[in-house]
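So the chains spell out like this:
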Amino acid sequence: MRPSRIDRSSGVVVRTTQPADFPEIISLSKLIYPHDDPWSVEHLSSHLHVFPAGQMVAVEIDTGRVVGMSASLIIKWDEYEVSGNWFSFTADGFFTNHDPEYGRMLYGAEIMVTPDMQGRGVGRKLYAARRELCRDLQLRRIRAGARLRNYGLYAATMSAEEYVLAVIRGDLVDATLTFQLHQGFRVISVVREYLDSAVDPPSQGYAAVIEWVNHRVATRADVRGRDRRYGRPRRRRPPPAMQPAKAPFQLPCRTNRRPALPRPSAEVVRRQSLRLPGVHSARCQAASRPAPVPSARAVKE
């Protein structure tokens, strides 16, 4: 991966993960997933061993503090079911199924941002670095599982599929899925038990399988067969009270017409007629010239 551009507005730079970053990544995972076992040194070491370019951290420039991380691997999607869970896609979190020889898809296993830096562009930089990696390796797509973090609030009134469709339409906002849709991802399926519901109570174990296509490499066959229910997100129209009022139609009236030009005077008309070609102008010019004075010979005769 090429060195990422420093975002001065957020004061954060994305770089590849180093072993010295492990303690801060473990602390971050404990903060984000309090009900689950955090990443271990064995997990993170395996990630760096099989695919170092796919492991990234977001570091605060002034302090050097790790404020975000992302982990990914390359897999051959045909060997997996779309309804598979996180553990099957990541080999129980060790990434030992990384397949750079035959795999044509980058699987996003993890992205985390510390709560005090959320909403400040850190997640956008991590996703941009992941897309850059996909382009550099000429992979066809990125796929990942988007935890439905707010689905637990609506589980009693709608199914997970209905919730995802409402998020796509913009009727509801999900803390994870809405952000990923804004990063260019599209939903291709909704799966159950992507994570253990006991480990992730807010989502009740549900996730949306999302996809970003690298159109520099992908063909039409790579995007054929998508579920049309999960179409491209549409921007909702504002309610009638927020729409700008249209100006009422007005009939043309005297005040809206162009002002009339002043009528030229008789002297101006006379001067213009003298400059026009034709018999009339010739007569006017002849009449305006003084009469010739007769010569002495003509008078004598």
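Parameters and conventions
- Residues numbered from 1 in each chain as written.
- Predicted model: local features only at pLDDT ≥ 70, side-chain atom pairs only at ≥ 80, totals over all residues.
- Heavy atoms only, no water.
- Helix = DSSP H or I, 4+ residues; strand = E, 2+ residues; numbered from the N terminus.
- Buried < 20%, exposed > 50% of the residue type's maximum accessible area, 1.4 Å probe, protein only.
- Lys, Arg positive; Asp, Glu negative; His and termini not counted.
- Salt bridge = Lys/Arg side-chain N within 4 Å of Asp/Glu carboxyl O.
- pLDDT = per-residue confidence, 0-100.
- Contact = heavy atoms within 4.5 Å.
- 1 Å grid on protein atoms, 1.4 Å probe; cavity = no way out; pocket = protein on both sides within 12 Å on 5 of 7 lines; lining within 4 Å.
- Points joined across faces, edges and corners; volume = space filled by probe spheres on them.
- Nonpolar A, V, L, I, M, F, W, Y, C, P; charged D, E, K, R; others polar.
- Phe/Tyr/Trp six-rings, centres within 6.5 Å; stacked < 30°, edge-to-face > 60°.
- Lys NZ or Arg CZ within 6 Å of the ring centre and 35° of its normal.
- Pairing = 2+ DSSP bridges.
- Axes fitted to C-alpha atoms, helices over the stretch in contact; angles between N-to-C directions.
- Expected span 1.5 Å × (residues − 1).

Relative to the helices and strands, E110 resides in strand β4 (residues 105-113). Buried charge E110 goes without a salt bridge, the closest partner of opposite sign being R147 at 6.8 Å.

For the protein, the average pLDDT comes to 82, and 76% of its residues sit at 70 or higher. Mean pLDDT across the elements of the protein bottoms out in helix α9 (residues 296-300) (50) and peaks in helix α2 (residues 41-50) (97). Note on residues 1-8: pLDDT under 50 across the span, and 20 contacts to partners over four residues away in sequence or across chains. Contacts for the low-pLDDT stretch residues 234-239, under 50 throughout, to residues beyond four places or in other chains number 7 contacts.

So, on to the layout of surface pockets. Each pocket or cavity is described by its volume, and for the largest pocket that value is around 1,200 Å³. Every residue lining the largest pocket is counted, 49 residues in all, and those nearest its centre are I32, Y33, E110, I111 and R147. Every element with two or more residues in the lining of the largest pocket is listed here: α1 (22-32), α3 (86-90), β4, α4 (122-136), β5 (141-147) and α6 (177-182). A total of 6 residues in the lining of the largest pocket trace back to one element, the largest contributor, which is β4. Of the residues in the lining of the largest pocket, the class split is 25 nonpolar, 14 polar and 10 charged.

A separate point is the packing of aromatic side chains. Applying the stated criterion across every chain, the model contains 11 aromatic pairs. Centre to centre, the rings of W39 and F95 are 6.4 Å apart; their planes meet at 80°, and the pair counts as edge-to-face. Of the two residues, W39 is situated in the loop between α1 and α2 and F95 in the loop between α3 and β4; the sequence distance between them amounts to 56 residues. Ring centres 5.2 Å apart and planes at 90° place the aromatic pair W86 and F87 in the edge-to-face group. Members of the aromatic cluster, joined through ring pairs, are W39, W86, F87 and F95. One residue, R130, lies across the ring of Y127, its end atom 6.0 Å from the ring centre.

Let us now look at the pattern of salt bridges. As enumerated under the stated definition, the model contains 6 salt bridges in all. For D116, the salt bridge goes to R65, with nearest N and O atoms at 3.1 Å. You can see D116 sitting in the loop between β4 and α4 and its partner R65 sitting in the loop between β2 (55-60) and β3 (66-75), a full 51 residues away along the chain. The exposure class of D116 is partly exposed, given its relative accessible area of 45%. Judged by its relative accessible area of 29%, R65 falls in the partly exposed class. A salt bridge links R143 to E211; the shortest N-O distance between them is 2.7 Å. Taken together, the residues R143 in strand β5 and E211 in strand β7 (residues 207-213) connect sequence positions 68 residues apart.

Pairing is mixed in the open sheet, where 7 strands are placed in the order β1-β2-β3-β4-β5-β7-β6. Among the strands making up the open sheet, the edge pair consists of β1 (12-16) and β6 (186-191). For this sheet the average axis-to-axis angle between neighbouring strands, irrespective of direction, equals 25°. As paired elements, β4 and β5 share 4 bridges and run parallel to each other. Residue M105 lies in a different strand from β5, and its bridge partner there is R141. Strand contacts of α1: β2, β3 and β4, with the helix running at about 80° to β4, the strand carrying the most contacts. Each of β1, β2, β3, β4, β5 and β7 is contacted by α4, which is oriented at about 165° to β4, the strand it contacts most.

When helix α5 (residues 160-169) is considered as a whole, its buried residues turn out to be A160, Y163, V164, A166, V167 and I168. Remark: G170 follows α5 within two positions and exhibits a positive phi of approximately 95°.

Right, let's talk about the environment of Y80 for a bit. Along the chain, Y80 turns up in the loop between β3 and α3. Classification of Y80 as buried rests on a relative accessible area of 17%. Excluding anything up to four places from it in sequence, Y80 contacts I75, S88, F89 and N97.

This brings us to α4. If you check α4, its first and last C-alpha atoms are 21 Å apart, about what 15 residues at 1.5 Å a residue would give, namely 21 Å. Of all 15 residues in α4, 11 are buried; the element is thus mostly enclosed. When we look at burial in α4, the residues that qualify are V122, G123, K125, L126, Y127, A129, R130, R131, E132, L133 and C134. Where α4 terminates, the next one or two residues include Q138, which has phi positive at roughly 55°.

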